[in-house]
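These are the residues of each chain, in order.
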Amino acid sequence: MFKIAVLISGGGSNLQAVIDAVEARRLNAEIGLVIADRPAGGLDRAGRHGIPCCLLNRRELGTDLSREILNRIPDDTDLIVLAGYLSILTAEFTSRWEGRIINIHPALLPEFGGKGMYGMRVHEAVLKAGKTVSGCTVHYVDSGVDTGRIIGQSTVEVLPGDSPGDLQERVLEQEHRLLVDSIERIINTISDNRAV
Ligand code: GRF
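Residues numbered from 1 in each chain as written. Predicted model: local features only at pLDDT ≥ 70, side-chain atom pairs only at ≥ 80, totals over all residues. Heavy atoms only, no water.

**Student:** Run through helix α1 (residues 13–23), naming residues and quoting values.
**Tutor:** Judged by how many residues are buried, α1 sits mostly within the fold: 8 of 11 residues are covered. Every buried residue of α1 is accounted for by Asn-14, Leu-15, Gln-16, Ala-17, Val-18, Ile-19, Ala-21 and Val-22. Packed against the buried residues of α1 are β1 (2–8), β2 (29–36), α2 (41–48), β5 (101–105) and α7 (164–195). Looking at the residues trailing α1, positive phi occurs at Arg-25, about 60°. (Buried < 20%, exposed > 50% of the residue type's maximum accessible area, 1.4 Å probe, protein only. Helix = DSSP H or I, 4+ residues; strand = E, 2+ residues; numbered from the N terminus. Contact = heavy atoms within 4.5 Å.)

**Student:** Now, about the nonpolar core: what can you tell me, with residues and values included?
**Tutor:** Counting residues in each nonpolar core, the largest one holds 43 residues, and the members touching the most others are Val-6, Leu-27, Ile-31, Val-34, Val-81, Ile-102 and Ile-183. Here this core takes 8 residues from α7, the largest share from any one element. Counting 18 residues, the second largest nonpolar core, distinct from the first, contains Leu-7, Leu-33, Ile-73 and Trp-97. (Core = buried A, V, L, I, M, F, W, Y, C linked by side-chain atoms within 4.5 Å.)

**Student:** Kindly report on the site of the ligand, identifying the contributing residues and their values.
**Tutor:** All residues in the neighbourhood of the ligand are listed as Gly-10, Gly-11, Gly-12, Ser-13, Asn-14, Gly-84, Ile-104, Pro-106, Gly-119, Gln-168, Leu-172 and Glu-175. The contact in question runs from an oxygen atom of the ligand to an N or O atom on the side chain of Ser-13, over 2.6 Å. At 3.3 Å from an oxygen atom of the ligand is found a side-chain nitrogen or oxygen belonging to Gln-168. Protein coverage of the free-state accessible area of the ligand, which is 360 Å², stands at 86%. The element best represented in the shell around the ligand is α7, accounting for 3 residues. (Near = heavy atom within 4 Å. Polar contact = N/O pair within 3.5 Å; in protein donor to acceptor, adjacent residues only side chain to side chain. Areas by Shrake-Rupley, 256 points an atom, 1.4 Å probe, with all protein chains shown as cover.)

Written out as structure tokens, the structure reads:
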């Protein structure tokens, strides 16, 4: 069974989208572990679905956070999903899992990405720049911030009078869809490769 570990920092709506897709057998996978780097609503979601989860508090662990996470990720994990995860991962971590770690970002990278561009700040920047189209991106994680190879993107219209909250809501809907689609593609690609 294709095994996924999910790292979160927030409410976990992207995690929920993956949980729902697994439970609906849309994704032929299991979520083996959810790790949060701070007290996060997403941990309650994992708990409600009987998914092993743990809190590795970035405030307590500091520079040891990535190593602690690394120590907890089961060796038979096939894919790590950063779903609203906000702490920076060390090069040791990203090189260990290179090609098997993805992230969902709430903008059309390479624009509006990089250090400090997360959550509502992204949508504020998109509106300030006067963009008429925004969206979200799923990409592989490399040693940079939001710089890895893009797997897929989904666009949404920016409407006149949109607040950052309006835009975030519209983008988040697409994130949930794109994240599941992207994981499905990865599972199918790996399964095809294993079949040959
Ligand atoms: C949201 O801003 C989302 O755009 C980004 O992370 C934040 C939290 O998402 N990917 P979630 O509800 O915790 O998945």
